[in-house]
Amino acid sequence: MKKREKKPRKKWVGSLLRMRFSIILLLVVQLAVIIYVLFSGSTVSEIISYTLSIISFFVCLYIVSKRDKGAYKLTWVFLILLFPLFGGLFYLFFRFQSPTRRFSKRVSAVQEKARPFLSLAGSGYNEACSVAKEHTSQIKYLENYAGFPIYTDSETKYLPSGEKMNEALLEELKAAKRYIFLEYFIVEEGVMWDSILEILEEKVQNGVKVRLIYDDFGCFFKLPKNYAESLRAKGIECVVFNRFRPVLTAVQNNRDHRKISVIDGKVAFTGGINLADEYINAIERFGHWKDSAVMIRGRAAWSFTLMFLQMWEVCTGIDEDYGSYYPWEDRPCSEMSDGFVQPYADSPLDEENTGEHVYLQMINSAKDYLYITTPYLVIDDSMISALCLAAKSGVDVRIITPGISDSRWVHATTRSYYGALIGAGVKIYEYTRGFMHAKTFVSDDTTATVGTTNLDFRSLYLHFECGVWMYGSGAVAEVKNDFEKTVSGCHRITAEECRCGPLLRLFRNIMRLFAPLM
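Just so you know, these numbers come straight off a predicted model, no measurement behind them. (Residues numbered from 1 in each chain as written. Predicted model: local features only at pLDDT ≥ 70, side-chain atom pairs only at ≥ 80, totals over all residues. Heavy atoms only, no water.)

Right, let's get into empty space enclosed by the protein. Using the criterion set out here, one finds two cavities of 30 Å³ or more in the structure. Empty space within the largest cavity amounts to approximately 50 Å³. For the lining of the largest cavity, the element with the most residues is helix 17 (residues 474–487), which contributes four residues. Of the residues contributing to the lining of the largest cavity, the split by class is six nonpolar, three polar and two charged. (1 Å grid on protein atoms, 1.4 Å probe; cavity = no way out; pocket = protein on both sides within 12 Å on 5 of 7 lines; lining within 4 Å. Points joined across faces, edges and corners; volume = space filled by probe spheres on them. Helix = DSSP H or I, 4+ residues; strand = E, 2+ residues; numbered from the N terminus. Nonpolar A, V, L, I, M, F, W, Y, C, P; charged D, E, K, R; others polar.)

Here is the structure:
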């Protein structure tokens, strides 16, 4: 594909930048006011300081006793020790807010409403447990506890690049008859989005319902403030997830990092690919962009339909009739079975880290090999222990990370984990051609997962994510083949390369301490 030059800035860019700068400025002003009150030197400020120190002490006790990730506890306690006056207050302010509670209740209510509709497409649970006996714990966890059915009558196709995914998506969009649902972290005008938008506009004119959800933070500098209104003027229903506002609220941390396309409830796409030109290498950012996605055809697409409809109802507050979108009301699904397919979603507002648990189950069940691609490797002790134990037990564990990163700080933190993993026998590779953005696991020629969840704290615990776990489907072999093809062009990191001087080691240790905040 011919590289596209960056388009000149449009007239709206100036006003967009001014608006974004104003938001950041207001946040800084809020912090400045708090600091001034605490350190003004008045009698009132002294009383406040003593009170806040006591509050910080009890907050530390609360954090230590709380059921949470050890890395989060350590980071928060360290911050409170570093800022004893307002560290505890900031934790209380950050954790216990009415906007966050209201948002959490709304998400929970919508999830409960949607749960019965997941069974409309049936389930291959009994057959899957009989055939994939060594993976019944994964199947039971996702279906019986997390609530996501496992399907037969579904076909999978792995798409090893943004270019392949874009080609397949455009073809399926053109074939849409009833509705098109798109939910993406990033949407940006350019070759990829413009070609999609052209089809969407045509479909709207033909009576197809078209809906788009995009994350406001993901599109912070990529779309104008009124872009949703301009799409609505074209007949495309559009909502912005969790608009970024100039207030210090924890809910601003919870982003919609999902990438979902659904066509008529019969075809769905997910993976690491957003709707922007770097994902199809129409422009170059951080070298060659390596990504992947998976296309699901058949019953399993229904789970992605419900994921979208739930998020749409959360964003709009409008009561949706989920059953009216079910595509096989009049005739049964005739798609040929391609193994077992189990889509899943993850919410940061419940107590369940579904994406993390899927990964851990795959690590723990691997017998022969486990191949992983991830743009970030910023993980907690439980994930490190699982990877190291698998390697020590004779499993061929290989991980590909970027050779060129989109963040120097995060990449430095990623490299800080290499030493311990390599010491246990894990093989680490860096994609020398550019940026590795794919999020895939494949194991033992039988199972694979493709989705949106990175191996970092934000993806695993703070973002809305999704993915699909597959057993015995054609896509499993395709994921493995793509990994082997990709790793042949990577540089394997050696133990010697992980050694560093005291200053770099100190820097990496500091970065790891704050890893949960990245």
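Counting residues in each nonpolar core, the largest one holds 155 residues, and the members touching the most others are W193, I196, Y214 and L387. In terms of residues, this core owes the most to one element, helix 11 (residues 301–316), which gives 10 residues. (Core = buried A, V, L, I, M, F, W, Y, C linked by side-chain atoms within 4.5 Å. Buried < 20%, exposed > 50% of the residue type's maximum accessible area, 1.4 Å probe, protein only.)

Here we come to the pairing of strand 12 (residues 427–431). Judged by how many residues are buried, strand 12 sits mostly within the fold: five of five residues are covered. The alternating pattern of strand 12 places K427, Y429 and Y431 on one face and I428 and E430 on the opposite face, and all of these are buried. In this structure, strand 11 (residues 396–402) lies alongside strand 12, joined through five bridges in parallel fashion. Residue P402 lies in a different strand from strand 12, and its bridge partner there is Y431. Where strand 12 lies against strand 17 (residues 490–492), three bridges are found, and the strand directions are antiparallel. Paired with Y429 across the bridge in strand 17 is R492. (Pairing = 2+ DSSP bridges.)

Take the sheet that holds strand 10 (residues 369–373) next. The eight strands lie next to each other as 9-16-15-14-10-11-12-17, forming an open sheet whose pairing is mixed. Both edges of this open sheet fall to strand 9 (340–346) and strand 17, since each of them pairs with a single strand only. For this sheet, the mean inter-axis angle between neighbouring strands, taken without regard to orientation, is 15°. Across four bridges, the pairing between strand 10 and strand 14 (residues 440–443) is antiparallel. Note on strand 14: the bridge partner recorded for Y371 is V442. Each of strand 9, strand 10, strand 14, strand 15 (447–451) and strand 16 (465–471) is contacted by helix 12 (residues 354–365), which is oriented at about 140° to strand 9, the strand it contacts most. (Axes fitted to C-alpha atoms, helices over the stretch in contact; angles between N-to-C directions. Contact = heavy atoms within 4.5 Å.)

Before going further, it helps to examine the packing of aromatic side chains. Considering all chains together, one arrives at 22 aromatic pairs under this definition. Ring centres 5.8 Å apart and planes at 80° place the aromatic pair Y326 and W328 in the edge-to-face group. For W328, a relative accessible area of 11% corresponds to the buried category. Measuring from ring centre to ring centre gives 6.3 Å for F340 and Y471, while their planes differ by 40°; the resulting arrangement is tilted. One end of the pair, F340, is in strand 9; the other, Y471, is in strand 16, and 131 residues separate them in sequence. Assessed through its relative accessible area of 6%, F340 is described here as buried. Judged by relative accessible area, which is 11%, Y471 ranks as buried. (Phe/Tyr/Trp six-rings, centres within 6.5 Å; stacked < 30°, edge-to-face > 60°.)

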